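Now for the letters of each chain:
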Amino acid sequence: MATAEIEPAALPAAESRPPWTAVLHEWVVTVDHKKIGILYVLMAVGFILVAGAAAVMMRLQLWAPNLALVPPTTFNQFFTLHGTTMVFFVGMPLLIGIANFAVPLMIGARDMAFPRLNAFGFWATLFGGLLVYFSLVVPGGPPTIGWFAYAPLTENSFARGPGVDCWALGLIVSGLGTTTAAINFIVTILSLRCPGMTLRKVPFFVWVMFWTSVQILVVMPPLTAALTMLEFDRQLGAHFFDTQAGGSAYLWQHLFWFFGHPEVYILVLPAFGMISEVVPVFSRKVLFGYEFMAAATAAIAFISLGVWAHHMFAVGMSRALDLFFAAASMLVSIPTGIKLFNWLATVYGGKLVLKSPMLFALGFLSMFVIGGLTGIILACAPVDLQVTDTYFVVGHFHWVLIGGTVFGIFSAIHYWYPKATGRMLSERLAKWQFWLLFLGFILTFAPMHVAGILGMPRRIYTYGPGRGWELWNQLATLGALLQAPSYLIFAYNIVTSLWKGKVAGDDPWDAWTLEWATTSPPPAYNFAVVPTVKSRRPLWDLKHPDDPDWKYE
Amino acid sequence: MAGVLLADAQNLSVLDPAGPPAESIRGLFVLVSAITFGIFLLVEGVLIYSLVTGRRRAGPTDPEPPQVYGSKPIEIAWTAGPALVVFVLILLVGRVIWEIQPNPDRPPPGAEPLRVTVVGHQWWWEYRYESYNGRELGFVTANELHIPTGEVGTPRPVYLTLQSADVCHSFWVPRLGGKTDLLPGRTNQMWIQTDEPGVYLGQCAEYCGTQHAHMLLRVVAEPPAAFEKWLAAEAAPAADDPAGRAGKAEFLSLSCVNCHTIRGTTARGTFGPDLTHLMARQTLAAGTTPNSPADLRRWVNNPQQAKPGCLMPAFALTDRNLTLAVDYLETLR
């Protein structure tokens, strides 16, 4: 196997640095997948701070009954922006961005298949996000519709200002960006793998990104269609969802959730892939049961397309539909269980290296399972009738999205940051970040389950005293305050480590996939010589010529 | 003012059911929670064990641990095991789905069903009492739902027909059953029933706009005799108390009548809650404040203070008009 044999890129001395305008120009016009990946991540970090601040304000307002810290309309704007931002402008850009950086390197390619389309995808996502936030300065301000924007609250009769239009158009624009990213991943993974890397030998993260992209391609168009129909209603006098004129509120719910439920798998599958890279390296073992993991990934991608109406048990569908969607939702737990058990089997018998990527991966393994299990409880349609649209659900999906997606993303960023920048992140700050996040996250979202069981609906800007909700809300607010600094520490760490961090070297984790064979940061062309591989762990083969993987695969 | 909210301890726990649908659901909830808790203990146990032993094994100079690529029998085992659990769960879920389904056309034998149409409005509840035990009722009230309690041999199921006048809402009284949405353009059915007299609280559970938080539900379950008395009082036209005559004339000349109905008078608006027997209710503004004279006056004077964003404007009534109108409302028992 050939590794790049070029000089490690020396960090330029201060006096030889190009002027900042040149640097800015270079980043704006770049079509390099690595830079675009980093841009996605930076965009998401910006948005996470804004949407996180909205979350903290909501938690403060719910600290005690009948507080008047945040007025009702502002509160409703906060949760609309918080949800929309976290899903579309934090979660997806982080996952797509990290994959953008890592996938071509992991398959030994020089770039994505369509570099210009790749740049378009990023800028569309960013400007879609900015368009949504443009609602801050229009009359009436941001929309007050919630992130799933149930009709007819979004119609002219109930939302007169242009806030909803900013929201809908912003999501259409960023949806275009996401769709092009998905096309790009599919083509890249299918056609740009280095010699020897058959589809059965791609690193697991690459395999997962392929199926995530397939899901994006299937569910983004229905969302775009629904949003377009909404704009037809609002601007051109159509009546798709205008119930006052015979439109259907029910139709919107089906269209939205046909996108909305696979969306949560889109948000969590890439995290599965990241964990599947980090857990083996830091357990010093090969991923247990790769083929079954691969099959489980495809199974999740398929089954999750048929579970959307489990968000709609309370809408009054038929008994048969309730049972169908309950059963389909529970079926997803089987392939998800397979994955979890395989990760455990990978950790089992390993020699654990508790560096920051592994810490976050262990946070994922220990917490995601809880979100998965409350998911099974919610899939029981009758139980869902009680706890849907309550804080139980809020607790559940934050458990999946933070316990799963966010821990996975932090694990990945701590894992690949040295590759992207050539510098190590501070382990001390990473440990602070991890423990504040881990404890703060549990303290925020565990009490929410209790509040929901005690009858507290979601999306209420205040509540009366004496219902037994005060304690749980106070714990959740304390948790949010504990969690918040961890994100700031993270932002501080990724910025200051650029010059304070130890120099990483090519392969700081003694890892096994191709990206560690090139320099840190990699040159624009990634590999001087396109590598050839014989197994799923080419660097293992290189490091253990006496005991290579290809003998066993 | 919202600060003076009802301070009595209120129980809304889904784990403390007071009627058949809520009881069936609790049974399933407890069972599936127990199963998932078992899985949770297993997974975390294995993880912690691997973590502790994996740490003990770790050392910078050690060679790599044995590489285990997978095992078909193990994979099949941990696919089949969960599949079996899921299969059993699906059967259980199916049974409960059928158990809690409302069946308004075939009430159980010996039942005396009450039928009410519930219309959700931004941000209050309209109740149209249709029939009780086969007897036509045909009056409209708001925000507080009175139902009769059943007894052994005579269940008194309440069949709710759910509709919406504007946006999506959801009817949810946790101790009586799961929630059912009210969608504009669709009609849903729901079933609640209890044998225990008492007040059951809940609130709108589907985000419906600015004051979603103050669209509270209050179900008063009372023994059949008391319920009959309430029915008779509600069905009667509004009281024509001499104490309120002056206020009545004034009230009927104000714009209040555009939105509110007071049966037996010229006030026939339907945009806001029916006020015919306003004084029979314990709360105002869909549970936002208690129904005391002081609160009523504050509410009529400026609804935007207690419930900012609600659809009733502050009419800037003169002191005299306000006093007359409130005096009249106070007579509507």
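Residues numbered from 1 in each chain as written. Chains lettered and ligands numbered in written order. Predicted model: local features only at pLDDT ≥ 70, side-chain atom pairs only at ≥ 80, totals over all residues. Heavy atoms only, no water.

### What about the overall build of chain A?
And then number 1: When you go through chain A residue by residue, the secondary structure sums to 15 helices and zero strands.
And then number 2: Taking 24 Å as the expected radius of gyration for a compact globule of 553 residues, we find that chain A reaches 23 Å, a close match to that expectation.
And then number 3: If one aligns the C-alpha atoms of chain A with their principal axes, the spans along those axes are about 70 × 50 × 40 Å.
And then number 4: In chain A, which comprises 553 residues, the proportion classed as buried is 66%. (Helix = DSSP H or I, 4+ residues; strand = E, 2+ residues; numbered from the N terminus. Rg over C-alpha atoms; globule rule 2.2 N^0.38 Å. Buried < 20%, exposed > 50% of the residue type's maximum accessible area, 1.4 Å probe, protein only.)

### Here we look at the overall build of chain B
And then number 1: The number of helices and strands found in chain B is seven helices and 12 strands.
And then number 2: Relative to all contacts within chain B whose residues are 6 or more apart in sequence, the contacts with residues 24 or more apart total 62%.
And then number 3: Accessible surface, chain B: about 13,900 Å² in total, of which carbon and sulfur atoms supply 61%.
And then number 4: Computed over 26 positive and 31 negative side-chain charges, the separation of the two mean positions in chain B equals 1 Å. (Contact = heavy atoms within 4.5 Å. Areas by Shrake-Rupley, 256 points an atom, 1.4 Å probe, with all protein chains shown as cover. Lys, Arg positive; Asp, Glu negative; His and termini not counted. Charge placed at Lys NZ, Arg CZ, Asp CG, Glu CD.)

### As for the pairing of strand β2 (residues 124–132) of chain B
Strand residues, when the strand is regular, have side chains that alternate between the two faces of the sheet.
Residue and element names in this part refer to chain B.
And then number 1: In terms of residue burial, β2 counts as a mostly covered element, since seven of its nine residues are buried.
And then number 2: Here eight bridges tie strand β1 (residues 114–121) to β2, and the two strands are oriented antiparallel to one another. Considered in β2, the bridge of valine 118 is made with tyrosine 127.
And then number 3: Hairpin connection between β1 and β2: a loop of two residues separates the two successive antiparallel strands.
And then number 4: Pairing analysis gives six bridges linking β2 to strand β3 (residues 135–142), with the strands arranged antiparallel. Within β3, the residue paired with tyrosine 129 across the bridge is phenylalanine 139.
And then number 5: Connecting the antiparallel pair β2 and β3 is a turn made up of two residues, with asparagine 133 showing a positive phi of about 55°. (Pairing = 2+ DSSP bridges.)

### Describing the pattern of salt bridges
And then number 1: In the structure shown here, the tally under the stated rule is 20 salt bridges over all chains.
And then number 2: The closest approach of N and O atoms between Lys34(A) and Asp32(A), which form a salt bridge, is 3.2 Å.
And then number 3: Owing to a relative accessible area of 5%, Lys34(A) belongs among the buried residues under this scheme.
And then number 4: Assessed through its relative accessible area of 13%, Asp32(A) is described here as buried.
And then number 5: For Asp240(B), the salt bridge identified is with Lys248(B), shortest N-O distance 3.4 Å.
And then number 6: The buried category is assigned to Lys248(B), whose relative accessible area is 18%. (Salt bridge = Lys/Arg side-chain N within 4 Å of Asp/Glu carboxyl O.)

### So, the sheet that holds strand β10 (residues 216–222) of chain B
Residue and element names in this part refer to chain B.
And then number 1: Ordered by their spatial adjacency, three strands build an open sheet running β4-β10-β9, and the pairing between neighbours is mixed. For this open sheet the edge positions go to β4 (144–148) and β9 (198–203), each flanked by a neighbour on one side alone. Mean inter-strand twist for the sheet, computed between neighbouring axes without regard to direction, equals 25°.
And then number 2: Both β4 and β10 contribute to a ladder of five bridges, which runs parallel. For leucine 145, the partnering residue across the bridge sits in β10 and is valine 219. (Axes fitted to C-alpha atoms, helices over the stretch in contact; angles between N-to-C directions.)

### What about the sheet that holds β1(B)?
Residue and element names in this part refer to chain B.
And then number 1: Strand order in this open sheet of five strands is β3-β2-β1-β5-β8, and the pairing throughout is mixed. On the outer flanks of this sheet lie β3 and β8 (188–192), each paired with one strand and no other. Taken over all neighbouring pairs, the strand axes of this sheet differ in orientation by 20° on average, direction set aside.
And then number 2: In this sheet, β8 lies alongside strand β5 (residues 158–164) in antiparallel orientation, the contact comprising five bridges. Bridging across to β8, leucine 162 finds its partner in asparagine 188.

### Describing the interface of chain A and chain B
Accessible area lost during the coming together of the parts is what is often quoted as the interface size.
And then number 1: With 97 residues of chain A in contact, the opposing surface of chain B contributes 89 residues.
And then number 2: Across the interface of chain A and chain B, roughly 7,800 Å² is buried in total on both sides, 68% from carbon and sulfur atoms.
And then number 3: Our count for the contact surface shared by chain A and chain B stands at one salt bridge.
And then number 4: Two residues, Glu64(B) and Arg284(A), come together in a salt bridge whose shortest N-O distance is 2.7 Å.
And then number 5: Applying the counting criterion to the chain A and chain B interface returns 28 residue pairs in polar contact (both at pLDDT 80 or more).
And then number 6: For the side of chain A that touches chain B, the secondary structure elements donating two or more residues are α3 (72–106), α7 (249–283), α8 (290–303), α9 (319–347), α10 (356–379), α11 (381–387) and α13 (427–453) of chain A.
And then number 7: For the side of chain A that touches chain B, the element with the highest residue contribution is α9(A), accounting for 17 residues. (Buried area = accessible area lost by both parts, 1.4 Å probe. Polar contact = N/O pair within 3.5 Å; in protein donor to acceptor, adjacent residues only side chain to side chain.)

### As for helix α5 (residues 293–301) of chain B
Residues and elements named next belong to chain B.
And then number 1: What α5 keeps buried is the set Asp295, Leu296, Trp299 and Val300. All buried residues of α5 fall inside an arc of 130° around its axis, so they share one side.
And then number 2: Contact partners of the buried residues in α5: β11 (283–284), β12 (289–290), α6 (303–306) and α7 (319–330). (Arc of directions from axis to C-beta.)

### Examining the nonpolar core
And then number 1: Among the nonpolar cores identified, the biggest contains 253 residues, and Trp252(A), Leu365(A), Trp416(A), Tyr129(B), Leu145(B), Leu160(B) and Phe171(B) are the most heavily contacted of them.
And then number 2: Looking at this core element by element, the count peaks at 20 residues for α7(A).
And then number 3: With near-sequence residues (within four places) excluded, Trp252(A) lies in contact with Phe148(A), Ala149(A), Tyr150(A), Ala151(A), Ala226(A), Leu227(A), Leu230(A) and Phe241(A).
And then number 4: One finds Leu254(B), Leu275(B), Ala325(B) and Val326(B) within the second-largest nonpolar core, a separate group that totals 24 residues. (Core = buried A, V, L, I, M, F, W, Y, C linked by side-chain atoms within 4.5 Å.)

### Structural notes on a positive patch on the surface
And then number 1: Together, Lys355(A), Lys431(A), Lys502(A) and Arg55(B) line one region of the surface with positive charge.
And then number 2: Structurally, the position occupied by Arg55(B) is in helix α1 (residues 20–57). (Patch = residues over 30% accessible without salt bridge, like charges linked within 9 Å, V, L, I, M, F, W, Y side chains within 5 Å.)

### Details of the environment of Leu267(A)
Residue and element names in this part refer to chain A.
And then number 1: Relative to the helices and strands, leucine 267 resides in helix α7.
And then number 2: Take leucine 267: its relative accessible area is 3%, and that puts it in the buried class.
And then number 3: Separated by 174 residues in sequence, leucine 267 and proline 93 place their C-alpha atoms 9.9 Å apart.
And then number 4: In this structure, leucine 267 is in contact with Val87, Gly91, Met92, Leu95, Leu401 and Thr405, ignoring residues within four places of it in sequence.

### As for the packing of aromatic side chains
All names here are of chain A.
And then number 1: Scanning the model with the defined rule gives 66 aromatic pairs over all chains in all.
And then number 2: Ring geometry for phenylalanine 360 versus phenylalanine 410: centroids 5.5 Å apart, planes at 50°, classification tilted. Of this pair, phenylalanine 360 sits in helix α10 while phenylalanine 410 is found in helix α12 (residues 391–421), placing the two residues 50 residues apart along the sequence. A single burial state applies to phenylalanine 360 and to phenylalanine 410, both of which are buried.
And then number 3: Just above the ring of tyrosine 290 sits the side chain of arginine 536; from NZ or CZ to the centre is 3.7 Å.
And then number 4: Cation over ring: arginine 537 sits above tryptophan 540, and NZ or CZ is 4.2 Å from the ring centre. (Phe/Tyr/Trp six-rings, centres within 6.5 Å; stacked < 30°, edge-to-face > 60°. Lys NZ or Arg CZ within 6 Å of the ring centre and 35° of its normal.)

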